[in-house]
Amino acid sequence: MGKGFFISKAVGIAAIIVGAGALATIIALSVVYSQEKAKNNDNVLPTDGGTTSKPPVTTTAPSNEPWDKYRLPKSLVPDHYNVTLWPRLKQNLTTGLFIFTGQSTVEFVCAEETDLILIHSNKLNYTKRENNHLASLTSLGGVKAPSIKSSWLQQVTQYLVLQLDGKLMKDHRYHLHTDFTGELADDLGGFYRSEYMEDGVKKVVATTQMQPTDARKAFPCFDEPAMKAIFHITLIHDLGTVALSNGEEKESSNVNIEGHDVQKTVFQPTEKMSTYLLAFIVSDFSFINNTIDGVLIRIFARTPAIAAGQGDYALNKTGPILKFFEKYYNSSYPLPKSDQIALPDFNAGAMENWGLITYRETALLYDETFSSNSNKQRIATIIAHELAHMWFGNLVTLRWWNDLWLNEGFASYVEYLGAHEAEPEWNVKDLIVLSDVHRVFAVDALASSHPLSSKEEDIQKPAQISELFDAISYSKVTSLTQNNKLISLFSLQTYLAEFAFGNAGYTDLWSHLQMAVDATGTDIPETVSNIMNTWVLQMGFPVVTVNTSTGIISQKHFLLDPDSEVTTPSIYNYEWIVPIKWMKTETIQHPKWLKNESVSGSDWVLANINVVGYYRVNYDQGNWERLLGVLSTNHVAIPVINRAQLVDDAFNLARAKIISTVLALRTTKYLNKEREYMPWESAVGNLDFFYLMFDRSEVYGPMQDYLRNQVTPLFTHYKSLTDNWKNVPVGHMDQYNQVNAISLACRTGLRECQNLTNQWFNQWMETKLNPIHPNLRSTVYCNAIAAGGAKEWEFAWSQFKNASIAIEADKLRYALACTKQPWLLNRYLEYTLDPNMIRKQDATSTIVYIANNVIGQSLAWDFVRARWSYIFTQYGGGSFSFSNLVNGVTERFSTEYELQQLKQFKEDNAEVGFGSGTLAVDQSIERTIANIKWIAENKQNVLDWFKAEEKP
Ligand code: BES
Ligand code: ZN
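Calculation rules
- Residues numbered from 1 in each chain as written.
- Chains lettered and ligands numbered in written order.
- Predicted model: local features only at pLDDT ≥ 70, side-chain atom pairs only at ≥ 80, totals over all residues.
- Heavy atoms only, no water.
- Helix = DSSP H or I, 4+ residues; strand = E, 2+ residues; numbered from the N terminus.
- Buried < 20%, exposed > 50% of the residue type's maximum accessible area, 1.4 Å probe, protein only.
- Contact = heavy atoms within 4.5 Å.
- Disulfide = S-S within 2.5 Å.
- Axes fitted to C-alpha atoms, helices over the stretch in contact; angles between N-to-C directions.
- Left-handed = near helix turned anticlockwise from the far one by under 90°.
- Nonpolar A, V, L, I, M, F, W, Y, C, P; charged D, E, K, R; others polar.
- Pairing = 2+ DSSP bridges.
- Polar contact = N/O pair within 3.5 Å; in protein donor to acceptor, adjacent residues only side chain to side chain.
- Near = heavy atom within 4 Å.
- Areas by Shrake-Rupley, 256 points an atom, 1.4 Å probe, with all protein chains shown as cover.
- Domains from an automatic or database assignment.
- Donors = N, O, S within 2.8 Å, 3.2 Å for Na, K, Ca; no water.
- UniProt positions renumbered as here; feature names shortened; annotations may be inferred.
- Salt bridge = Lys/Arg side-chain N within 4 Å of Asp/Glu carboxyl O.
- Phe/Tyr/Trp six-rings, centres within 6.5 Å; stacked < 30°, edge-to-face > 60°.
- Lys NZ or Arg CZ within 6 Å of the ring centre and 35° of its normal.

## Quick notes on the overall build of the chain
- Across its full length, the chain holds 27 helices and 28 strands.
- Within the span of the chain, comprising 952 residues, buried residues form 63% of the whole.
- Sequence-distant contacts in the chain: of pairs separated by 6 or more residues, those separated by 24 or more amount to 75%.

## Looking at the state of the cysteines
- Under the criterion given, the structure shown has two disulfides.
- Across a sulfur-sulfur distance of 2.1 Å, Cys746 and Cys753 are joined as a disulfide pair. Looking down the S-S bond of the Cys746 and Cys753 bridge, the torsion is -95°, so its handedness is left-handed. An identical accessibility class is assigned to Cys746 and Cys753; each is buried.
- Here Cys782 is linked by a disulfide to Cys818, with a sulfur-sulfur distance of 2.1 Å. What sets the handedness of the Cys782 and Cys818 disulfide is the S-S torsion sign, and at about -100° it is left-handed. Here Cys782, found in helix H19 (residues 774-787), pairs with Cys818, found in the loop between helix H21 (806-815) and helix H22 (822-832); they are 36 residues apart in sequence, far enough to count as distant.
- Overall, Cys818 belongs to the buried group, its relative accessible area being 10%.
- For the chain, numbering the cysteines in disulfides from first to last along the sequence yields the connectivity 1-2, 3-4.

## A word on the packing of helix H18 (residues 751-767) against helix H20 (residues 790-802)
- At a closest axis distance of 11 Å, the pairing of H18 and H20 adopts a crossing angle of 65°. Along this stretch, H18 crosses H20, giving a crossing that reads as left-handed. Counted together, Phe761, Asn762, Trp764 and Met765 of H18 and Lys791, Glu792, Phe795, Ala796 and Gln799 of H20 form the full contact between these two elements.
- In terms of residue class, the contact of H18 with H20 is built from five nonpolar, two polar and two charged.

## Details of the pairing of strand E1 (residues 76-87)
- In terms of strand pairing, E1 meets strand E2 (residues 99-110) through eleven bridges, oriented antiparallel. If you follow Leu85 over to E2, its bridge partner there is Gly102.
- Direction of pairing for E1 relative to strand E11 (residues 230-238): parallel, over a ladder of six bridges. Within the sheet, the bridge partner assigned to Val83 lies in E11 and is Ile233.

## Brief notes about the side chain of Arg298
- Considering the arrangement of structural elements, one finds Arg298 in strand E17 (residues 295-301).
- Polar contacts involving the side chain of Arg298 include one to the side chain of Asp339, which spans 2.7 Å.
- Apart from residues no more than four positions distant in its own chain, Arg298 is found in contact with Leu244, Phe287, Ile288, Asn289, Lys337, Ser338, Asp339 and Gln340.

## As for the site of ligand 1
- Within the structure, ligand 1 sits among 18 residues, and Gln211, Gly349, Glu352, Glu386 and Tyr474 are positioned closest to it.
- Gly349 is positioned with one of its backbone polar atoms (N or O) 2.5 Å from an oxygen atom of ligand 1.
- Glu408 has a polar side-chain atom sitting 2.9 Å from a nitrogen atom of ligand 1.
- Its free accessible area being 510 Å², ligand 1 has 99% of it covered by the protein chains.
- If you list the elements that add at least two residues to the shell around ligand 1, you get strand E19 (350-351), helix H4 (373-389) and helix H5 (404-422).
- Of the residues belonging to the shell around ligand 1, the class tally is eight nonpolar, six polar and four charged.
- For the shell around ligand 1, the two domains that each supply at least three residues are domain 1 (1-49 + 75-184 + 199-282) and domain 2 (378-538).

## What to know about the coordination of the zinc ion (ligand 2)
- For the zinc ion (ligand 2), the full set of protein donor atoms is His385 (NE2), His389 (NE2) and Glu408 (OE), at a range of 1.8 to 2.1 Å.
- Considered as a linear motif, the donors of the zinc ion (ligand 2) on their single chain read H-x3-H-x18-E. With a gap of four residues between them, His385 and His389 both fall in helix H4, about one helical turn apart. Neither residue differs from the other here; His385 and His389 are each classed as buried.

## Some points on the UniProt feature "active site" (unreviewed entry) in the chain
- When the UniProt feature table is mapped to this numbering, "active site" (unreviewed entry) covers Glu386.
- Assignment of secondary structure puts Glu386 in helix H4.
- Its relative accessible area of 3% is what places Glu386 among the buried residues.
- Contact partners of Glu386, with chain neighbours within four places excluded, come to Ala350, Met351, Glu352, Ile357 and Tyr359.

## So, the sheet that holds strand E6 (residues 148-154)
- Strand order in this open sheet of three strands is E3-E7-E6, and the pairing throughout is antiparallel. The sheet terminates laterally at strand E3 (114-120) and E6, the two strands that pair on one side only. Here the strands of the sheet are splayed against their neighbours by 20° on average, with no regard to which way each runs.
- The sheet contact formed by E6 and strand E7 (residues 159-168) spans six bridges and is antiparallel.

## Comments concerning the pattern of salt bridges
- Considering all chains together, one arrives at 48 salt bridges under this definition.
- Among the ionic pairs, Lys323 bridges to Asp293, the shortest N-O distance being 2.6 Å. Of the two residues, Lys323 sits in helix H3 (residues 312-329) while Asp293 sits in the loop between strand E16 (286-292) and E17, which places them 30 residues apart along the sequence.
- Here Lys323 falls in the partly exposed class, since its relative accessible area comes to 27%.
- Given a relative accessible area of 63%, Asp293 falls into the exposed group.
- Between Arg616 and Asp649 there is a salt bridge whose closest N-O contact spans 2.8 Å. A residue pair is termed long-range when its members are at least 10 positions apart, and Arg616 in strand E28 (residues 616-619) and Asp649 in helix H13 (residues 640-655) qualify at 33 residues.
- Residue Arg616 is classed as buried on the basis of its relative accessible area, which comes to 2%.
- Since its relative accessible area comes to 4%, Asp649 is described here as buried.
- Residues participating in the shared-partner salt-bridge network are Asp561, Asp563, Lys657, Lys933 and Glu937.

## Remarks on helix H23 (residues 843-852)
- Within H23, seven of the ten residues are buried, which leaves the element mostly enclosed by the surrounding structure.
- Of all the residues in H23, the buried ones are Ala843, Thr844, Thr846, Ile847, Val848, Ile850 and Ala851.

## Side note on the sheet that holds strand E20 (residues 356-360)
- The five strands are arranged E16-E17-E18-E20-E19 in an open sheet whose pairing can be described as mixed. At either margin of the open sheet sits one strand with a lone partner, and together these are E16 and E19.
- Pairing geometry for E16 and E17, over seven bridges, is antiparallel. Its bridge partner lying in E17, Asn289 is registered against Arg298.
- Against the sheet, H3 engages E16, E17 and strand E18 (337-343), with an angle of about 150° to E17.

## Some remarks on the packing of aromatic side chains
- Under the definition given, this model contains 69 aromatic pairs.
- When the ring of Phe441 is compared with that of Tyr614, the centres are 5.1 Å apart and the planes differ by 20°; the resulting orientation is stacked. Taken as a pair, Phe441 in helix H6 (residues 432-444) and Tyr614 in the loop between strand E27 (605-607) and E28 lie far apart in primary sequence, 173 residues in all. Each member of the pair, Phe441 together with Tyr614, is buried.
- Through a chain of ring-to-ring contacts, three or more aromatic side chains come together here, namely Phe441, Trp535, Phe541, Phe558, Tyr574, Trp576 and Tyr614.
- Positioned above the aromatic ring of Phe689, the side-chain terminus of Arg655 is 3.5 Å from the ring centre.

## Regarding the environment of Tyr718
- Take Tyr718: it is sitting in helix H16 (residues 700-721).
- A relative accessible area of 0% places Tyr718 in the buried class.

## Observations concerning the pairing of strand E14 (residues 260-267)
- Relative to E14, E11 runs antiparallel, the two sharing five bridges. Paired with His237 across the strands is Gln263, a residue of E14.
- Here eight bridges tie strand E13 (residues 249-257) to E14, and the two strands are oriented antiparallel to one another. Across the sheet, Ser253 pairs through a bridge with Lys264, a residue of E14.
- Remark: two residues form the turn of the hairpin made by E13 and E14, two consecutive strands paired antiparallel; Glu258 in that turn has positive phi of roughly 45°.

## Notes on unusual backbone geometry
- The residue after Gln211, namely Pro212, is reached through a cis peptide bond having omega -5°.
- Looking at where Pro212 falls in the secondary structure, it is placed in the loop between strand E10 (201-209) and E11.
- Phi at Trp725 takes a positive value of approximately 70°, unusual for a residue other than glycine.
- Its location among the elements puts Trp725 in the loop between H16 and helix H17 (732-747).
- According to the relative accessible area criterion, Trp725 is buried, its value standing at 10%.
- Despite not being glycine, Lys768 shows a phi value in the positive range, around 65°.
- With respect to the helices, strands and loops of the structure, Lys768 is situated in the loop between H18 and H19.

Here is the structure:
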């Protein structure tokens, strides 16, 4: 019998702490747009926003002045703010702009004597106050405040700067008053506007997205997460509209301001909180509500959406998930209400503003007739994710953005626990491996990856902060939390209790984990921090090789391209403390921390059971053969998650030249007997790489023939399971796999599948009644549009434009990219930069959809490189996820010629820059180089293998 074992750094294996991640969407927002656009817009704002007294606004070499540094000095600490904001939802006909005006008073304490006030401010124009300065200062407690000597706006570092003619005194309190105006632009950042049509009338919503650094675009504030304060918010808004903010409504009255009859809504003061979690919204949305243990829960959305019941699912699930987290954290929800709102324009998926969570419509609104099971799962998990932040992130906040990974990574893990609570039948936790582990493996295997933790001093500029919202931050921590041994409830609860309403860093969490380990006597080989640091402070992950012929188990940094050069040194020499759990011939061995164990013999051995460890596994050839044997004779002997993992490991080990590509392909041979979702999904994901590499070459035909044969039994299985496609499979995973069956069958050219999808789509076009089940719509639409021409495309476009729910529009938007007509694709590309056609929030993903299409690939690439500077300056970080875009349009790159183009692109745009896509450009170059080599080395083998498999 084999055993689990532990080998520490030198020859180690591991499987402990690691685990699940979240559905992490790569989100890389940048704020460059705001900065760029600010330069142009500041002059046209209606009130005087000029600078006074000092020349500054300079983009040249940074000096050492405090206002040239991105971080605030520690001299002033905010206590509370009184902020009144008045967004105008009607365009000013003279300027053509939408604006907001505001007044703010911030009370701060002077912690160190200083004659300088720096407070964040971006794209705000100030009305001059006493002595023509941009702000005025008063002091509390009898002493006289020094007067302002000069005041100006420092655009690069986004400050309002006030130089005083005397010192502020330590421990004294002061009030800083400002009156300001900003543009309520459609740029998805700060205080911005969202528009939609209702009954033929254009409606405007004023809403906010502050994280990470855009609160300063709404009012002057100490805009760093550790500068927590209490906020007293008042909103002025048109009669009959609804005003929302983090706090409960305290009072609302009709008032006349400057000759306008308006409504003034005052909110209860917030808890002590960070600026990035603030939210202000004015709309004429409707809501539904319920109350759970005294907490008011409301769902807001466009009135027709609420009337159609599209908020019901979210309302029903929020209460139970909130209750679950209260128990999980042993901490009651600290606010009297929890609002959630679906916005027509929203850049991310959702944002955890404390007490007022904002969503894009597709992430909150559910409608049985339009939403797929996957849409439903996304809603449940995203609600859980944001509610998890109410404690982890909002109550206890990371000190600085370099620790963002802990905030997002942790929420991305517990979202599975919350979603499981909401939908216990789904087994969502199993999906961690596909959605997070595989996702982060893909980027963390590159030499251009980065450690989870960054140094505080390396993260300064807004674009650097935005770049942190990537797959590593979102999905890697999950891998380190899966094994609940260390993340025990106790430690989390004490951590939250100690730091409530304050800030902490990841080392504080490790201390609490260590306390829990000590208290429970958990057996681990080293301290929590020694174990965790090997995963957190160095990038990448190991491949663990289990050699059953020698008995030796070893680890090595896994690099997708073994020839790539790792230029970042690691204090751990790219070795990890790896916990391991494994099985031998159907007997699962209990995970252990053992040393000097060996694994040998003639039985088959399988390591990393259920993929609780964040590492890949390789075996000696003999054991690989034994495992292939089990797959072909009795695949169910291997746990389903490991079947998925064997396929994924094999394909990736082959890409890294550790095993042969033919061995990887052989793991797909048993698939004609496989009915489970996870192994299929894993295979499809890996075969996608083959499609990307070969769909323009002679390998394509034989590959199609092989895969068609493999998937036909699955297609037939679902056909009979659903009684000729009339019923819906019962299980959640089965529903997913039905989609795989149809997608792959149609993709590989199975005639019956193509007929089926065409027939459904035609029926819809003719009868105007859609016969297609929501689960199947994306793939059916895509296949029918690919098979059709302009008529099908135009029909889908008109359905897209008229869709009553964003979730349906999204399926069509995806499918419209599937046409094989270059002129339609080119026209569609043009639409992506016209916000009247495609909302800004959707522009990136639409271009990437087009690039995924073999016909659209080069069109999308040409489009992006021709328009880069336009896209970058006009769309900027506020509305574009640049890393997704760059990775997306270069995914298929695999020729020397494409590599040269990519390098040229980098060079040509060096001046414009890539913002949050900077890293993605290097990753794409690295990937392209690896692809070129991979094709050179593998094409012939792969072709021969597929051809041989075709023969009976
Ligand atoms: N805090 C983020 C939203 C965010 C991301 C704001 C990037 C600013 C920049 C939020 O908690 C989040 O992570 N949302 C995810 C959803 C989640 C289920 C992974 C999103 O928006 O996709
Ligand atoms: Zn989050």
